[in-house]
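Tertiary structure, described
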Amino acid sequence: MAAYLAGVVLFFLGIAVTIALHEWGHYITARAFGMKVRRFFIGFGPTVFSFGRGETRYGLKAVPVGGFCDIAGMTAQDPLEPEESDRAMYNKPWWQRIIVLSGGVIMNILVGFLVLYAVAVSSGIPNPDADLTATVGSVQCVPGEQNPDGTLDSCVGRGPAADAGIEVGDRILAIDGTEVSDFTALRDEILLIPGETAVLSVERDGQLRDVDVPVDAVTRLDSQGAEVIVGAIGVTNAPVPDVYKKYGPIEGLGATARFTGDMFHATWEGLLSFPSKIPGVVASIFGAERDINGPMSVVGASRVGGEFVERSMWDMFLMTLASLNFFLALFNLVPLPPLDGGHIAVVLYEKIRDLIRRLRGQKPGGPADYTRLMPVTVAMAALLLSVGAIVIVADVVNPIRVFG
């Protein structure tokens, strides 16, 4: 229990550091281009402490789940002191503004990469060259029932896969014409078709063939202990060699870059599916099963971090923290205010607008009027707060548990 609580605290601190570094990305780029940074704070709500150094005030707020870097003149509607005009953000070149607004995103990507690199050279990361093709390790009979303690009933016979001609060493490439990337994907497809016949595309000794395999309908227990009918064919996966690989300092750079790309792709897919998963999160508050791949708040992510530390799975702890950095990077690029992407979109709008005006022989249009975006900004902020509150409640009453 002590290890779990320590993991929760450590992951929460990791999130706080991630947020601080995101804001620091804005801070250092703004300072580099001569912009005035008035305040640099971590958190929201009442101020816990603050201090002034030079022209900037630094501090910590009571709720350390965000932060802000107050740069003079982020918009033309931002009141300025007389001496701030030349150093206001909106008076700087557009490309400098883009870099400053992207500073937090760049910092999150860099932090995520460095964390993964540390894992790659210390304990190892998933090997991008590992062959994950669903390869049959054994064929066996299929127990019809699962006992309350999780064990399976005894069974007899060779099992439907063996009876259909599936052999140890077969590589299963597709089911019913749909490619499967690994054994997990194959299993998930089989579970959905109890009582039907699956057409497996099998590679054996370099030859491809289709094998019709009847899928047994069996009873299993879901995560809530309720009985469900699922499909099974009686195959297990062969061990995958080098699925995790430890790298040297030099080769680890390339491997980490490739794995970072894979994680970015997965994060992007998760971000696209984020809205569709919110109804499931709401349902989980009232007792529905929680989707382990659904969104989590700071509370839920910290609890998962605690589970990893409890089992001394520090590599998974760090990779989860890296994934969080990538999510923050992509999420902040959504082109809606008040996110960084929304401000970047305004700068690009100004640049394109002024280009069109120049082609027409007109003068530049000047800084955009952010008051016109206020309804969108308020609506987006309200939406983010509402979704955040829903996910936090779900993480308290029905948290995601990696290990059941």
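About the thresholds
- Residues numbered from 1 in each chain as written.
- Predicted model: local features only at pLDDT ≥ 70, side-chain atom pairs only at ≥ 80, totals over all residues.
- Heavy atoms only, no water.
- Salt bridge = Lys/Arg side-chain N within 4 Å of Asp/Glu carboxyl O.
- Helix = DSSP H or I, 4+ residues; strand = E, 2+ residues; numbered from the N terminus.
- 1 Å grid on protein atoms, 1.4 Å probe; cavity = no way out; pocket = protein on both sides within 12 Å on 5 of 7 lines; lining within 4 Å.
- Points joined across faces, edges and corners; volume = space filled by probe spheres on them.
- Nonpolar A, V, L, I, M, F, W, Y, C, P; charged D, E, K, R; others polar.
- Disulfide = S-S within 2.5 Å.
- Buried < 20%, exposed > 50% of the residue type's maximum accessible area, 1.4 Å probe, protein only.
- Core = buried A, V, L, I, M, F, W, Y, C linked by side-chain atoms within 4.5 Å.
- Contact = heavy atoms within 4.5 Å.
- Phe/Tyr/Trp six-rings, centres within 6.5 Å; stacked < 30°, edge-to-face > 60°.
- Lys NZ or Arg CZ within 6 Å of the ring centre and 35° of its normal.
- Axes fitted to C-alpha atoms, helices over the stretch in contact; angles between N-to-C directions.
- Parallel < 35°, antiparallel > 145°, perpendicular 65-115°, else oblique.
- Polar contact = N/O pair within 3.5 Å; in protein donor to acceptor, adjacent residues only side chain to side chain.
- Left-handed = near helix turned anticlockwise from the far one by under 90°.

A closer look at the pattern of salt bridges
- Tallied over the entire structure, the rule returns 18 salt bridges.
- For R258, the salt bridge identified is with D129, shortest N-O distance 2.8 Å. Here R258, found in helix α5 (residues 251–285), pairs with D129, found in the loop between β3 (125–126) and β4 (134–139); they are 129 residues apart in sequence, far enough to count as distant.

Quick word on empty space enclosed by the protein
- Under the definition given, this model contains 1 cavity of 30 Å³ or more.
- Of the voids in this model, the largest cavity is the one considered here, and its volume is about 40 Å³.
- Lining the largest cavity, in full, are M74, M89, R97, L101, H343, V347 and Y370.
- Considering only residue class, the lining of the largest cavity consists of 5 nonpolar, 1 polar and 1 charged.

Considerations on the state of the cysteines
- One pass over the full model with this rule turns up 1 disulfide.
- With its sulfur 1.9 Å from that of its partner, C141 forms a disulfide with C155. Here the disulfide of C141 and C155 is right-handed, its torsion about the S-S bond being about 65°. Taken as a pair, C141 in the loop between β4 and α3 (160–164) and C155 in the loop between β4 and α3 lie far apart in primary sequence, 14 residues in all.
- The exposure class assigned to C141 is buried, which follows from its relative accessible area of 14%.

Things to note about the nonpolar core
- Residues L116, I125, Y247, F259, M263, M319 and F326 are the most contacted members of the largest nonpolar core, which totals 20 residues.
- Going through the elements one at a time, α2 (94–122), α5 and α7 (314–332) are the ones with two or more residues in this core.
- Here this core gets 6 residues from one element, more than from any other, and that element is α2.
- Residues contacting I125, with those up to four places away along its chain left out, are L116, V119, A120, V243, Y244, K245, Y247, A255, T256 and F259.
- Formed by 19 residues, the second largest nonpolar core is a distinct cluster that contains V136, A161, L186 and A198.

What to know about the layout of surface pockets
- In this structure, the second largest pocket encloses a volume near 440 Å³.
- Counted by class, the lining of the second largest pocket contains 3 nonpolar, 4 polar and 4 charged residues.

Observations regarding the packing of aromatic side chains
- Considering all chains together, one arrives at 13 aromatic pairs under this definition.
- With a centroid separation of 5.5 Å and 85° between ring planes, the pair formed by F33 and W95 is classed as edge-to-face. Of this pair, F33 sits in the loop between α1 (2–32) and β1 (37–53) while W95 is found in helix α2, placing the two residues 62 residues apart along the sequence.
- Here F33 falls in the partly exposed class, since its relative accessible area comes to 21%.
- Overall, the relative accessible area of 42% leaves W95 in the partly exposed class.
- Positioned above the aromatic ring of F41 is the side chain of K61, whose terminal nitrogen or guanidinium carbon lies 5.0 Å from the ring centre.

A word on the packing of helix α6 (residues 298–310) against α7
- Relative orientation of the contacting elements α6 and α7 amounts to 160°, with a least axis distance of 7 Å. Viewed along their axes, α6 and α7 adopt a mutual orientation that is roughly antiparallel. In contact with G305, F308 and V309 of α6, α7 contributes W314, M316, F317 and T320.
- When grouped by side-chain class, the residues that make up the contact of α6 with α7 number 5 nonpolar, 2 polar and no charged.

Concerning the side chain of H343
- Inspection of the secondary structure puts H343 in helix α8 (residues 340–359).
- A relative accessible area of 14% means that H343 is categorised as buried.
- Reaching out from H343, the side chain makes a polar contact with the side chain of Y370 at a distance of 3.1 Å.
- In contact with H343, not counting residues within four places along its chain, are L101, P338 and Y370.

Focus: the packing of α2 against α7
- Look at α2 against α7: their axes get within 8 Å of each other, and the N-to-C directions meet at 160°. It follows from the interaxial angle that α2 and α7 lie roughly antiparallel. The hand of the α2/α7 crossing is left-handed. Within the contact between the two elements, α2 uses V105, N108, I109, V111, G112, F113, V115, L116 and V119 and α7 uses D315, L318, M319, A322, N325, F326, L328, A329 and N332.
- Partitioning the contact of α2 with α7 into residue classes produces 13 nonpolar, 4 polar and 1 charged.

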